[in-house]
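Now for the letters of each chain:
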Amino acid sequence: AAVGGIALSAQASSGASSSDSLKFDPDGFSKLTTTITDTEGTEHEVTYHFWKAITYVADPVDATYQSLIVSAPVEIDGTTVDPTHAPILLANSIGGYMPASVADATEVGGGGSAAGGTPPSGAAPSGAAPSSSSSAASNANGNTNATGGATSSNQLLALAAGYVVIEPGARGRTLKNSDGEYYGTAPAAIVDLKAAVRYIRANKGLIPGDVERIVSAGTSAGGALSSLLGASGDSPIYDRYLKELGAADASDAIFAVGAWCPITDLEHADGAYEWNWGTNDLATGKQVDQSVSKDLKAQFAEYQAGLKLRGLNRFGPLTARNYDDYLVEQYLQPSATEYLAALSDSDRETYLAKNTFITWSGGRATFSWDDFLTHVGARKKDTPAFDAFDLSAGENNEFGAGTNETRHFTAYGAKNDSTGLGTKRVAADIPEKLNLMNPMFHLVEKVNDRRSKHWWIRLGTSDSDTSHVISANLAARLDNLGDDVNHLYYWDQGHGANTDPGDFITWIATVTG
Ligand code: DHB
C-alpha cells in the first residue's frame, strides 16, 4: 500500500488530475483470432489483442457512448507482427448524427449507430466488402446498418494489414436525460471524437500504434465528423467543451482523413442541394416547391462566389454557373469511364445500350449534366433538405439544445418556419454551433495549420443525401491550400458506398510510410 501511495502522489504532483482514470492499461486485453477475407477473396488468419470499452474522458456525461475499443494485430497468417509503431485507423461508426456505442463490443468492427440513422440505398457494393468469420456482416451490437458496414470493411482490412484499429463511440442527437434535456446534439459528437484522440495521444507508449499517425475514417455523418476532426485539429474553440468532460491533456490533431459521402457544411447544404437536384422529382413523382428551390439556389450562387475556390486540374474559379461542367469533367465522366473500362466488352455493350445518354469513344465516357441528373432520377429529400420548415430533418435535431429537440439553423429556415414558433430567427448560440460543426470554418474562415494534410474522400454518383458540391468544395479547398487530396466518385453507387476499401488501406501505408 505504501508503494501504491507513493506512486499515486507522484502522479498527482505531475499536475494532471485525470491521469489515473485516463491511463491506458497495456495488459488489459484479451487475445482473439479471426479470419478476414480481403478484397481479392484471400483469407487471412489474424490474431489480435482486443481491449473492450474504455471510457476516454475523466468526467463522462454518458460512458455508454464516450468509450472506445482497441484492436492490435500480433500475428497475421502465422507471422508475428509488432503493432507498436503501426498507423492507427480511428474508425467511427456514426450514422445520421445518431449516438454510436462500442460499450458492448466484443471484437473488432464493434461500433454502430443506435437506431441506424437513415437506411442508405444501394450502400452495399456486391462483392467488395471483406468479411470476418467471427463478426460477419453485422457488428457486435447487432446493428446491420450499411454505414457501419462500410466502415467495418475498413476496420477488418486495416487489421489484416497490420494496423491498429481504434473505434470510438460518441454521443448523438437523440440522447435525452431525465430532465428532458438533449445532451448529444451539436457539438457533442465532435467533442467526443476529439476527446478520444486526446486520450490516444496522452497514452503514447502505452497504447499500441503510432499516435502521430492517426487516420480517421467515417461514412456520411461519420464522414462529416471525420473531415471535421481532420480540419479542426487543436482548434481552441472546443477547449471549454473538452475541459467540461475532463478530456486528457494532449493534442487532438490527426494525421489523415478518410471521409465517405460526408454530410457536412450543413448551413450551406440546402442551397447546394437545390443547385444540384433542384429539378429532380421526389420518389413520389412530386416536384418540390420551385420557388423555395430557386431562393435556395440563389443563396448557393452567392456562397460559392464568396468561397473563391479554384477547381482541381487548373479548372479555374468554381461558380454556380460552371460547377456542372466541373463535376462532369473532373469527377463524373472519369467515374463512368473507370466503371465501363473495367467491364467485359459484352457487359459494357449491355450497359451502354441501356444508358444511351453516354457516348463511349476512345475508351472514354462523355455525357451532359442534364442527362446525368435524369439518369440518377428521384431526389431523396424535399426542400429545404436540411433545415426543414417543419423542423422534421435530422439536422434540426442535431442543432437542438436544452429541452428543445429541434431548432432551425439557417436564417431562411427560421424565417419560413411552419411550426408556429414565435421567433423567425435562429437562436443566439447557433452561429457558434455551426462553426463548431463545419470543417469549412477551419479551412476557409480560419485556416488551421494543425489540420490533417492527407485526405481520402469518396462519394457515390447516385447519392442524393446531399449535393455533389459538398465533397467537391471540401476537396477543392484542401487542394487550394496545398494538401494531398485523393477524391473519387463511385459510378452508380448510392449513399454509404465504399467500393475501394483495399485502395484506402494501401493509401494509408503510402501517406504514413
Ligand atoms: C446521414 C444521412 C443523411 O441524409 C443526413 O442528412 C445526415 C446523415 C447518414 O447516413 O449518416
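Read on for an overview of the structure. Quick caveat: nothing in here was measured; it's all calculated off a predicted structure.

### Looking at the overall build of the protein
- Tallying secondary structure elements over the protein gives 16 helices and 15 strands in all.
- Expressed as a percentage of its 513 residues, the buried residues of the protein come to 58%.
- Sequence separation of at least 24 residues holds for 73% of the intrachain contacts in the protein that already meet a minimum separation of 6.
- Approximately 20,000 Å² of the protein is accessible, and the part contributed by carbon and sulfur atoms is 48%.

### A look at unusual backbone geometry
- Put simply, A186 and P187 share a cis peptide bond, and its omega is 5°.
- As for its placement among the helices and strands, P187 is situated in the loop between β7 (164–168) and α3 (188–202).
- For the peptide bond that leads from T383 to P384, omega is -10°, which places it in the cis range.
- Summarising the element assignment, P384 is placed in the loop between α10 (369–376) and α11 (394–398).
- Phi is positive for C261, close to 35°, though the residue is something other than glycine.

### Concerning helix α9 (residues 345–354)
- Residues of α9 that are buried include every one of R348, Y351 and L352, and no others. Each buried residue of α9 sits inside an arc of 95° when the element is viewed along its axis, so together they form one side. For α9, the exposed residues set more than 90 degrees away from the buried face come down to E349, A353 and K354.
- Contacts made by the buried residues of α9 are with α8 (323–342), β12 (359–361) and α10.

### So, the pairing of strand β2 (residues 43–55)
- Direction of pairing for strand β1 (residues 30–37) relative to β2: antiparallel, over a ladder of eight bridges. In the strand pairing of β2, L32 is matched with Y48.
- Hairpin connection from β1 to β2: five residues lie between these consecutive antiparallel strands, with G41 at a positive phi of about 90°.
- In this structure, β2 lies alongside strand β3 (residues 67–76), joined through eight bridges in antiparallel fashion. Bridging from a neighbouring strand, F50 pairs with S71 of β3.

### A look at the environment of D82
- Residue placement: D82 occurs in the loop between β4 (79–80) and β5 (88–91).
- By relative accessible area, which is 56% here, D82 ends up exposed.
- C-alpha separation for the pair D82 and G271, spaced 189 residues apart in sequence, amounts to 49 Å.
- Here T84 takes part through its side chain, which lies 2.3 Å from a polar atom of the side chain of D82.

### Some thoughts on the pairing of β5
- Side chains of β5 alternate between two faces, with I88 and L90 and L89 and A91 buried alike.
- Where β5 meets β7, three bridges bridge the pair, whose relative direction is parallel. Paired with L90 across the bridge in β7 is I166.
- Where β5 and strand β8 (residues 214–219) come together, four bridges link them in parallel fashion. Across the sheet, the residue bridging to L89 is V215, located in β8.

### Examining the site of the ligand
- In the vicinity of the ligand, 11 residues are found, and the nearest of them are G96, S220, K381, E395 and D465.
- Here A221 contributes a backbone N or O atom positioned 3.0 Å from an oxygen atom of the ligand.
- For the shell around the ligand, the per-class residue count stands at three nonpolar, five polar and three charged.

### Focus: the nonpolar core
- Of all hydrophobic cores here, the largest spans 133 residues; its most connected members are I200, L327 and F504.
- Apart from the residues within four sequence positions on either side, F504 is in contact with L89, N154, V215, A217, G258, W260 and W456.

### With respect to α3
- Given a rise of 1.5 Å per residue, 15 residues ought to cover 21 Å, and the 21 Å separating the end C-alpha atoms of α3 matches this to within 8%.
- Buried residues dominate α3, accounting for 14 of its 15 residues.

### Here's the deal with the pattern of salt bridges
- Applying the stated criterion across every chain, the model contains 16 salt bridges.
- Its salt-bridge partner being D252, residue K194 comes within 2.9 Å of it at the nearest N-O pair. One end of the pair, K194, is in helix α3; the other, D252, is in the loop between α5 (239–245) and β9 (256–260), and 58 residues separate them in sequence.
- Exposure remark for K194: the relative accessible area of 0% places this residue in the buried category.
- Linking D483 and R451 is a salt bridge whose minimum nitrogen-to-oxygen distance equals 2.7 Å.

Cut-offs used in this document
Residues numbered from 1 in each chain as written. Predicted model: local features only at pLDDT ≥ 70, side-chain atom pairs only at ≥ 80, totals over all residues. Heavy atoms only, no water. Helix = DSSP H or I, 4+ residues; strand = E, 2+ residues; numbered from the N terminus. Buried < 20%, exposed > 50% of the residue type's maximum accessible area, 1.4 Å probe, protein only. Contact = heavy atoms within 4.5 Å. Areas by Shrake-Rupley, 256 points an atom, 1.4 Å probe, with all protein chains shown as cover. Arc of directions from axis to C-beta. Pairing = 2+ DSSP bridges. Polar contact = N/O pair within 3.5 Å; in protein donor to acceptor, adjacent residues only side chain to side chain. Near = heavy atom within 4 Å. Nonpolar A, V, L, I, M, F, W, Y, C, P; charged D, E, K, R; others polar. Core = buried A, V, L, I, M, F, W, Y, C linked by side-chain atoms within 4.5 Å. Expected span 1.5 Å × (residues − 1). Salt bridge = Lys/Arg side-chain N within 4 Å of Asp/Glu carboxyl O.

Spatial relationships are all this shows, so hold off on functional conclusions.
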